[in-house]
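Residue-level structure breakdown
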Amino acid sequence: MKSASQNIRHLELAEIESYVEKLGEKKFRAKQVYEWIWLKQARHFDEMTNLSKDFRANLGRDFVLPSLATDATQYSDDGTVKSRFKTHDGHLVEGVLIPTDKRNTACVSSQIGCSLSCKFCATGYIDRKRNLDYDEIYDEVALLNEQSEKIYGKKLSNIVFMGMGEPLLNYKNVLKAIERITSPDGMGMSPRRITVSTAGVAKQIRALGDSKVKFKLALSLHAANDAKRHEIMPINDSNNIQSLIEALNYFYKQTKNEITFEYILFNEFNDSLKDADELIRIYRQVPADLVNIIEYNPIAFAKFTKPSEEKVDAFMAYLEKHKVNARLRRSRGKDIDAACGQLANKG
Ligand code: SF4
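The sections below set out a description of the structure shown in this document. Note that the coordinates shown come from a computational prediction; the quantities given were computed from them, not determined experimentally.

Section: the layout of surface pockets
Remark: the empty space left among the atoms is shown by a probe the size of a water molecule rolled over them. Taken as a whole, the second largest pocket holds about 190 Å³ of empty space. The wall of the second largest pocket is formed by Q41, V141, A142, N145, E146, E149, K155, L156, M187 and M189. Taken together, the residues of the lining of the second largest pocket sort by class into five nonpolar, two polar and three charged.

Right under this line is the structure:
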């Protein structure tokens, strides 16, 4: 018999089938259970109304069905919706719904807190408590999808792993969550609409290549030489820019997926034309299709500010002149705590 504390969503379909058969139920009942826990996103066994009461009682005796719950929600004037979710063991993580004309994007977390301590990031100031399980990541997406349908009348079109935590340090759960999100018996989303953003873990970038993943990869570069990057992202000590360039080329060779660079502009730190030159040099060494230049959303405990409009324009113009495919991304949800980690920090 299974332990009563076992999470049923951590079982594969074949394992549910063998459990169901041991109970003397028909094998197809397992498929029904599987549909309830993934496709229909049931949060209690009692919701599984096409199963007999006795069968549901057995499930409740032998398993638990924990799920993420929405703990707080903030609505920005620009349409961005930020939510704080509570895990079954009382931890807080964040997810953000970002609507635009063409797409509704969910920004999701992969860990509770983060161990990488990037200096500009609110989550970097929250110790990593634990990884999120794949069903918890799935729940984040499901809850944000519910919000998207309820508020904007349409489903999520895109998912970015840019919330709390470093997704490649929770490798197995992130990949399994994406497998469930993209599976026809899960949410059926296209992997091409999912972007995993990493602070740069070279070994795991290579592992993604070996796994021949179909989703997109973004590197949070944020500084284009090792000395500066070390200052704001301690992970650069063990994963320097050259090692990342090599890993990204390996990833591309294995998957043929082009890479996106993320680059937050910080005033008087990485916003000069010399910085732009260094960024261009890295861009030329990697099969990158895009550089997202991101407007900084200041947080209380970091020293950084955002550059003036003129400096941003000059930086963008310089990239354009050098034929870099760059896009300026305005910061969203400034009137709420939309910078990653700010809302969870409040909790
Ligand atoms: S930017 Fe990402 S990797 Fe860096 S501390 Fe924040 S959550 Fe962690």
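Things to note about helix 6 (residues 202-210)
Turning to helix 6, its buried residues number three or more, namely A202, Q204, I205, L208 and G209. For helix 6, the arc enclosing every buried residue in end-on projection is 170 degrees, short of the 170-degree limit, so these residues lie on one face. Along its buried surface, helix 6 packs onto helix 5 (171-182), strand 8 (194-198), strand 9 (216-220) and helix 8 (241-255). Just downstream of helix 6 lies K212, where phi reads positive at about 50 degrees.

Regarding a nonpolar patch on the surface
A cluster of nonpolar side chains, Y75, I151 and Y152, forms an exposed patch at the surface whose accessible area comes to about 310 Å². Tracing the backbone through its elements, the reader meets I151 in helix 4 (residues 134-152).

Quick notes on the site of the ligand
Taken together, C114, L116, S117, C118, C121, T123, G124, G163, G165 and A199 make up the full set of residues adjacent to the ligand. Grouping the constituent residues of the shell around the ligand by class yields five nonpolar, five polar and no charged.

Some remarks on helix 3 (residues 53-62)
Those residues of helix 3 lying buried are F55, R56, N58, L59 and D62. Summarising the axial view, the buried residues of helix 3 lie within an arc of 155 degrees, below the 170-degree limit, and thus occupy one face. For helix 3, the exposed residues set more than 90 degrees away from the buried face come down to K53 and D54. Buried residues along helix 3 sit against helix 1 (13-22) and helix 2 (28-37).

Points about a positive patch on the surface
Together, K102, R103, R193 and R327 make up a positively charged patch on the protein surface. Its place among the elements puts K102 in the loop between strand 3 (92-99) and strand 4 (104-107). Residue K102 is classed as exposed on the basis of its relative accessible area of 78%.

Overview of the pattern of salt bridges
A complete count under the given rule lists 21 salt bridges for this structure. Two residues, D139 and R9, come together in a salt bridge whose shortest N-O distance is 2.8 Å. Here the residue D139 occupies a position in helix 4, and R9 occupies one in the segment before helix 1, the gap between them amounting to 130 residues. Overlapping salt bridges bring together E12, K176, E179, R180 and D185 as one network.

Points about the nonpolar core
Counting 105 residues, the largest nonpolar core has L59, F120 and F261 as the members making the most contacts within it. Counting residues per element, this core draws most heavily on helix 4, at seven residues. Residues within four places of L59 in sequence aside, it is in contact with I8, Y19, V33, F45, M48 and L51.

With respect to the packing of aromatic side chains
Considering all chains together, one arrives at 10 aromatic pairs under this definition. With a centroid separation of 5.6 Å and an interplanar angle of 20 degrees, the aromatic rings of Y263 and F315 are classed as stacked. Here the residue Y263 occupies a position in strand 10 (residues 259-265), and F315 occupies one in helix 10 (residues 309-321), the gap between them amounting to 52 residues. Note on F269 and F304: the rings are 5.7 Å apart at their centroids and 70 degrees apart in plane angle, and the pair reads as edge-to-face. Residue F269 is found in the loop between strand 10 and helix 9 (273-284), and its partner F304 is found in the loop between strand 11 (288-295) and helix 10; the two are separated by 35 residues along the sequence.

Rules and cut-offs
- Residues numbered from 1 in each chain as written.
- Predicted model: local features only at pLDDT ≥ 70, side-chain atom pairs only at ≥ 80, totals over all residues.
- Heavy atoms only, no water.
- 1 Å grid on protein atoms, 1.4 Å probe; cavity = no way out; pocket = protein on both sides within 12 Å on 5 of 7 lines; lining within 4 Å.
- Points joined across faces, edges and corners; volume = space filled by probe spheres on them.
- Nonpolar A, V, L, I, M, F, W, Y, C, P; charged D, E, K, R; others polar.
- Buried < 20%, exposed > 50% of the residue type's maximum accessible area, 1.4 Å probe, protein only.
- Helix = DSSP H or I, 4+ residues; strand = E, 2+ residues; numbered from the N terminus.
- Arc of directions from axis to C-beta.
- Contact = heavy atoms within 4.5 Å.
- Patch = residues over 30% accessible without salt bridge, like charges linked within 9 Å, V, L, I, M, F, W, Y side chains within 5 Å.
- Areas by Shrake-Rupley, 256 points an atom, 1.4 Å probe, with all protein chains shown as cover.
- Salt bridge = Lys/Arg side-chain N within 4 Å of Asp/Glu carboxyl O.
- Near = heavy atom within 4 Å.
- Lys, Arg positive; Asp, Glu negative; His and termini not counted.
- Charge placed at Lys NZ, Arg CZ, Asp CG, Glu CD.
- Core = buried A, V, L, I, M, F, W, Y, C linked by side-chain atoms within 4.5 Å.
- Phe/Tyr/Trp six-rings, centres within 6.5 Å; stacked < 30°, edge-to-face > 60°.

Any functional reading would require information beyond the geometric quantities listed.
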